[in-house]
Amino acid sequence: MKKLSIAFLAMLLFIACQNSGSKESKNVMALEKTTEEEKPSTIIDEGLKPQIISDDDNKKVEPPQVGNINQTKPQIPVTKLNWDKKIIKTASINFEIKDFKKYNAAFRDKVKQVGGYIAQEQQSESEYKIENTLTIKVPVDQFDNAVQLLITDIEKLNEKKISSEDVTTEFVDTRSRLESKKQVRLRYIDLLKQAKNMEDILSVQSEINGIQEEIESASGRIEYLNHSSSFSTINLTFYQILNPAVAEPAKPSFSTKFSTAFKDGWNWIQEVFIIITSIWPLLFAVFGTYLIYRRTRKPKVKAA
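Residues numbered from 1 in each chain as written. Predicted model: local features only at pLDDT ≥ 70, side-chain atom pairs only at ≥ 80, totals over all residues. Heavy atoms only, no water.

Caption draft 1: A look at the sheet that holds strand β6 (residues 156-166). In spatial order, the strands read β4-β5-β7-β3-β6; together these 5 strands make up an open sheet with mixed pairing. If you trace the sheet from one side to the other, it starts and ends with β4 (117-125) and β6, each paired once. Between one strand and the next, the sheet's axes are offset by a mean angle of 10 degrees, whatever the strand orientation. Note that β4 and strand β5 (residues 129-139) share 8 bridges and pair antiparallel. Bridging across to β5, Glu121 finds its partner in Leu134. Lying on the sheet, helix α3 (residues 143-150) is in contact with β3 (87-96), β5, β6 and β7 (231-241); it crosses β7 at an angle near 5 degrees. (Pairing = 2+ DSSP bridges. Helix = DSSP H or I, 4+ residues; strand = E, 2+ residues; numbered from the N terminus. Axes fitted to C-alpha atoms, helices over the stretch in contact; angles between N-to-C directions. Contact = heavy atoms within 4.5 Å.)

Caption draft 2: Fine view of the pattern of salt bridges. By the definition in use, this model includes 5 salt bridges. Between Arg108 and Glu121 there is a salt bridge; the shortest N-O distance is 2.6 Å. Here Glu121 lies in strand β4 and Arg108 lies in helix α2 (residues 100-113), a separation of 13 residues in the sequence. Among the residues examined, Arg108 registers a relative accessible area of 27% and is labelled partly exposed. For Glu121, a relative accessible area of 36% gives the class partly exposed. Two residues, Lys181 and Glu214, come together in a salt bridge whose shortest N-O distance is 2.7 Å. Of this pair, Lys181 sits in helix α4 (residues 168-194) while Glu214 is found in helix α5 (residues 198-230), placing the two residues 33 residues apart along the sequence. (Salt bridge = Lys/Arg side-chain N within 4 Å of Asp/Glu carboxyl O. Buried < 20%, exposed > 50% of the residue type's maximum accessible area, 1.4 Å probe, protein only.)

Caption draft 3: Representation of the pairing of β7 in the model. Counting buried positions along β7 yields 8 of 11 residues, so the element is predominantly enclosed. In terms of strand pairing, β3 meets β7 through 7 bridges, oriented parallel. Along β7, the bridge assignment pairs Ile93 with Leu236. Taken together, the 11 bridges between β5 and β7 define a ladder with antiparallel strand orientation. Opposite Ile130, over in β7, you have Gln240 as the bridge partner.

Caption draft 4: Summary view of the confidence of the model for the protein chain. Counting all residues, the mean pLDDT for the protein chain is 75, and 68% of those residues have values of 70 or more. A low-confidence stretch, residues 34-83 stays under pLDDT 50, and its non-local contacts, those more than four residues away or across chains, total 13 contacts. (pLDDT = per-residue confidence, 0-100.)

Structural data, given as structure tokens:
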């Protein structure tokens, strides 16, 4: 009986050991499975930091980057300054043409073609020639094109002069002063609202009127500079010789001017002499009065 009971206990102990081993193996397998499932997140977390991994040849290689980890730093946007140049361009052109009527009609179409207009026109005609003098306004970006169009199909170019004036600094300064004056005017308006007597009201109103005049003057100057820099000016003069036999009067030389001036001076002296001669009675009366005054005047007695 003792042997049977010992054998029974040994069998129970063996069965209990097997159950315990199976449970531990199951727990180990479950733990390994859980670890394998957590590996991707671990790799991602480790990928957030740059690491160095060695391969079989002991060469240092960089691990594959995950996501947008090592992207280049965003560049700071550079603000481009608006250097809007204000340049006033002016041209003076003088030339001779063959057919006045034909060119007079053609150049007007050319002006319209470049988007310009005629600001002033003056036409004159003599026995020698017919001439037209104009002031033309064209957009600044069409200035060079307009000049080239106007001097095509001409007979003789006498003058072509182009000048440019940069008024950017004046435009910016005037606009800055205008904004400052507007701010000052607003402050005076606030003071006007707070005025308590008529003397303060009149004083503040006088200051506002003066600032308003300066604002209007600056606004007019800005408008002029803006228009002048937007539309360039072309002073155009063209003419046709009608009768070459009739010589145009030449400008007098220095010797001619000197002789003319000498003759004019001599003529002026003659005119003065004639005027003096014509008033001789008056001069005689004045002279006689002076003589009588000298004789009738009492001599001064010298003090002893």
